[in-house]
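Now for the letters of each chain:
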Amino acid sequence: MSMPPVTMSSTHSRGGGYGWRMRLGMLLPSSNPVGEPEIAAMLPPGMSLHTTRLKLAGSSAEELLAMTEKVEEGASLLADAGVDLIAFNCTAVSTFDAAMAESIRVRISAASGVPAISTADGILAGFKACGAKRVVLVTPYIDAINEREIVFLARHGIEVVSHSGRGLAEGQGMASIEPGEWYRRALALRNDRADAYFLSCTAIRVLPIIEALERDLGRLVLTSNQALVWHALRTSGFRDAAPGLGSLFQF
């Protein structure tokens, strides 16, 4: 999943307005109320977030795959806003199988003329950067999604040493869980074999607990939205970041 560096677009006038350093476009599941606020909070000054939603309000394989049906339309709409990079931000879809993330990137760029990344790309790049080979997986998902994600990570040399799901099927329910519950779940899965802990899903509120978990577990903590932002910044040539985002941003 190696990608060439992103070149900032010169098709729109920056001026002093929003996104004068970078405009990040995002394709997000329709039922996810967490992605925008978490990602906007993580972007450094001078960067702006612009979102188009794709229909996803369930967790069946059919519903997950249906989210990809209008990728070209969504990418084209984001291109109209002059974005520099388009992120397909759904963990369950982008890790659905070994070919999904690359297929989505190719389709987005072909439809928009804009470079693209996915949540899966950020996750894999983050684990590679920090050298993590064994991880604890914490998710809100049903078993079928957890199983696919474990297989996906294994195909890329990452062993899930333990995992926990919560059996939730749609974004609003996932977003309703308080950050403290995710903190306690991760802490309860403490495993000395793990190199890192992965809080998977773009619809869970985990940004406030990253640094507390890293302190209390003594391991790097990676989350879906955090990994996406880190990957977007690094592939675009940026090294700065907002405070409180965890050890990943040291890489």
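Use the structure listed above.
The rules we used
Residues numbered from 1 in each chain as written. Predicted model: local features only at pLDDT ≥ 70, side-chain atom pairs only at ≥ 80, totals over all residues. Heavy atoms only, no water. Pairing = 2+ DSSP bridges. Helix = DSSP H or I, 4+ residues; strand = E, 2+ residues; numbered from the N terminus. Axes fitted to C-alpha atoms, helices over the stretch in contact; angles between N-to-C directions. Contact = heavy atoms within 4.5 Å. Buried < 20%, exposed > 50% of the residue type's maximum accessible area, 1.4 Å probe, protein only. Polar contact = N/O pair within 3.5 Å; in protein donor to acceptor, adjacent residues only side chain to side chain. Core = buried A, V, L, I, M, F, W, Y, C linked by side-chain atoms within 4.5 Å. Salt bridge = Lys/Arg side-chain N within 4 Å of Asp/Glu carboxyl O.

Focus on the sheet that holds strand β4 (residues 116-118)
Sheet strands pair via backbone hydrogen bonds, and the direction of the pair is either parallel or antiparallel. If you walk across this open sheet you meet the four strands as β2-β1-β3-β4, and the pairing is parallel. The sheet is open, and its two borders are formed by β2 (47-54) and β4, each paired with just one other strand. When strand polarity is set aside, the average angle formed by the axes of neighbouring strands in this sheet is 25 degrees. Strand direction decides the pairing type here: strand β3 (residues 85-88) and β4, joined by three bridges, are parallel. Looking across to β4, one finds that I86 is bridged to A116. Running over the sheet, helix α11 (residues 224-235) touches β1 (22-29), β2, β3 and β4 and is turned about 155 degrees from β4.

Here's the deal with the environment of E170
You can see E170 is positioned in the loop between β6 (159-164) and α8 (171-175). With a relative accessible area of 29%, E170 lands in the partly exposed category. Residues E170 and S112, 58 residues apart in the sequence, show an inter-C-alpha distance of 28 Å. Sequence-distant contacts of E170, that is, excluding residues within four places in its chain, are made with S31, A57, G58 and S59. A polar contact is formed between the side chain of E170 and the backbone nitrogen of Q172, at a distance of 2.8 Å.

Points about the environment of A87
Counting through the fold element by element, A87 comes out in strand β3. Here A87 falls in the buried class, since its relative accessible area comes to 0%. For A87, the residues in contact, after removing those within four places along its chain, are L24, G25, M26, L27, I117 and L228.

What to know about the nonpolar core
If you look at the biggest cluster of nonpolar residues, it comprises 82 residues, and the most contacted ones within it are L24, I39, F88, V93, I108, F127 and L199. The dominant element in this core, judged by the number of residues it contributes, is α11, at six residues. Filtering out sequence-adjacent residues up to four positions away, I108 remains in contact with L27, V71, A75, I86, F88, G113 and A116.

Let's talk about the pattern of salt bridges
For side chains bearing opposite charge, pairing can occur when the charged atoms are close. All told, the structure shown has 10 salt bridges when counted by the stated rule. Here D240 and R21 are joined by a salt bridge, their closest N and O atoms 2.9 Å apart. Separated by 219 residues along the polypeptide, D240 in the segment after α11 and R21 in the segment before β1 bring together distant segments of the chain. Its relative accessible area of 29% is what places D240 among the partly exposed residues. R105 is the partner of D121 in a salt bridge, and the nearest nitrogen-oxygen pair spans 2.7 Å. With D121 in helix α6 (residues 119-130) and R105 in helix α5 (residues 100-112), this pair connects stretches of sequence that are 16 residues apart. Residues participating in the shared-partner salt-bridge network are R166, E181 and R185.

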